Amino acid sequence: MDIVTVHHLYKTFGRGEGVVHALRGIDLAIEKGKFTAVIGASGSGKTTLLNMIGGLDTPDEGEVVVDGVRLSGLKEKELAVFRRSKVGFIYQNFNLIPTLTVKENILFPLSLAGTTSDPDFFAESVKLLHLEDRLNAYPHELSGGGQQRVAIARALIAKPAILLADEPTGNLDTKSGQNVLGLLKLSVETYHQTLVMITHNLEIAQMADRVVRMEDGRIHG
Ligand SMILES: Nc1ncnc2c1ncn2[C@@H]1O[C@H](COP(=O)(O)OP(=O)(O)O)[C@@H](O)[C@H]1O
Ligand SMILES: [Mg+2]
């Protein structure tokens, strides 16, 4: 079953001399429960595509459907609800809230949505990501790898339809990057999470069920 379908997606930035055709007709289907890696040179349109799937940006043309929700035509408020309920984001720079503890950061998406966590799921995922002893710490007290593990727990907590990760190991050294990736892969397998991850690292891409290669706003292979 496909959890995401992208049809005929186009996106242009700027105009005139400075025009950039970031996406030039993307068709893509993402299978539920699978780990898809997106690779390609810098500027090939990877982040733009991920932002469209996550409802962070809107295409000029084409269509994105995520877990039965057609994004075109949604108002900004509806898109916010979509992102909150269907998407978990993991960024290169972690994007944690510095004034909140690890536990508060992880639970933050649920507090925004006005719901609470399933305590068993919280305890289990925190343990899986080796965070059970760091729940009262603040993000700056953790290593980069530790902070990214918090961001992964936060992305998982609402059991989103899809997890989107944009170069999640880009700010980590090789060893902690591998460690974080191993745990991310273990989490998505444990919870049958669909994961789409942008990476520059071909070794990481080889861990994926499928590799999508972007080139100049198009998908190759
Ligand atoms: N908000 C923006 N305004 C202008 N140009 C942009 C914007 N976002 C992306 N681009 C351009 O679109 C192209 C694709 O960018 P991006 O999707 O970030 O590529 P990638 O993630 O593969 O490095 C690049 O040429 C980039 O400079
Ligand atoms: Mg990018």
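No experiment lies behind these values; they were computed from the predicted model shown. (Residues numbered from 1 in each chain as written. Chains lettered and ligands numbered in written order. Predicted model: local features only at pLDDT ≥ 70, side-chain atom pairs only at ≥ 80, totals over all residues.)

S.K.: Would you mind going over the overall build of the protein in detail, with residue names and values included?
M.R.: Summing up its helical and strand segments, the protein has seven helices and 10 strands in all. Against the compact-globule benchmark of 17 Å for 221 residues, the protein has a radius of gyration of 17 Å, which places it among compact chains. Overall, the C-alpha framework of the protein stretches about 50 × 40 × 35 Å when taken along its three principal axes. Per-residue burial for the protein yields a buried fraction of 39% across its 221 residues. If you take every contact in the protein between residues at least 6 apart in sequence, the share linking residues at least 24 apart comes to 74%. (Helix = DSSP H or I, 4+ residues; strand = E, 2+ residues; numbered from the N terminus. Rg over C-alpha atoms; globule rule 2.2 N^0.38 Å. Buried ≥ 20, exposed ≤ 12 C-beta atoms within 10 Å, placed from the backbone. Contact = placed C-beta atoms within 7 Å.)

S.K.: Residue-level account of the sheet that holds strand β4 (residues 61-66), with values.
M.R.: Strand order in this open sheet of four strands is β2-β1-β4-β5, and the pairing throughout is antiparallel. Each end of this open sheet is capped by a strand with a single partner; those strands are β2 (20-31) and β5 (69-70). (Pairing = 2+ DSSP bridges.)

S.K.: For the nonpolar core, give the residues involved together with the corresponding values.
M.R.: One finds V38, I53, I152, A153, L163, L164 and V196 to be the most contacted residues of the largest nonpolar core, which totals 55 residues. Among the elements that take part in this core, helix α5 (residues 144-156) stands out by supplying six residues, more than any other. (Core = buried A, V, L, I, M, F, W, Y, C linked by C-beta atoms within 7 Å.)

S.K.: I'd like a rundown of the site of ligand 1, residues and numbers included.
M.R.: Every residue lining ligand 1 is accounted for by F13, G14, V20, A22, G40, S42, G43, S44, G45, K46, T47 and T48. Counting residues per element, the ones that place at least two in the shell around ligand 1 are β2 and α1 (46-53). In terms of residues, the shell around ligand 1 owes the most to one element, α1, which gives three residues. (Near = placed C-beta within 6 Å.)

S.K.: Give me unusual backbone geometry: which residues, what numbers.
M.R.: Residues apart from glycine generally show negative phi values, whereas peptide bonds are mostly found in trans. In this structure, D67 takes a positive phi of about 50° despite not being glycine. Structurally, D67 can be placed in the loop between β4 and β5. On the basis of neighbour count, D67 is assigned to the partly exposed category, with 16 C-beta atoms found within 10 Å. The residue H130 is not glycine, and still its phi comes out positive at about 55°. If you trace the backbone, H130 turns up in the loop between α4 (119-128) and α5.

S.K.: Any chance you could break down the packing of helix α3 (residues 102-113) against α5 for me, citing the residues and the numbers?
M.R.: Look at α3 against α5: their axes get within 7 Å of each other, and the N-to-C directions meet at 30°. Here α3 runs over α5; the crossing is right-handed. Here α3 contributes V102, N105, I106, F108 and P109 to the contact with α5, which in turn contributes V150, A153 and R154. In terms of residue class, the contact of α3 with α5 is built from six nonpolar, one polar and one charged. (Axes fitted to C-alpha atoms, helices over the stretch in contact; angles between N-to-C directions. Left-handed = near helix turned anticlockwise from the far one by under 90°. Nonpolar A, V, L, I, M, F, W, Y, C, P; charged D, E, K, R; others polar.)

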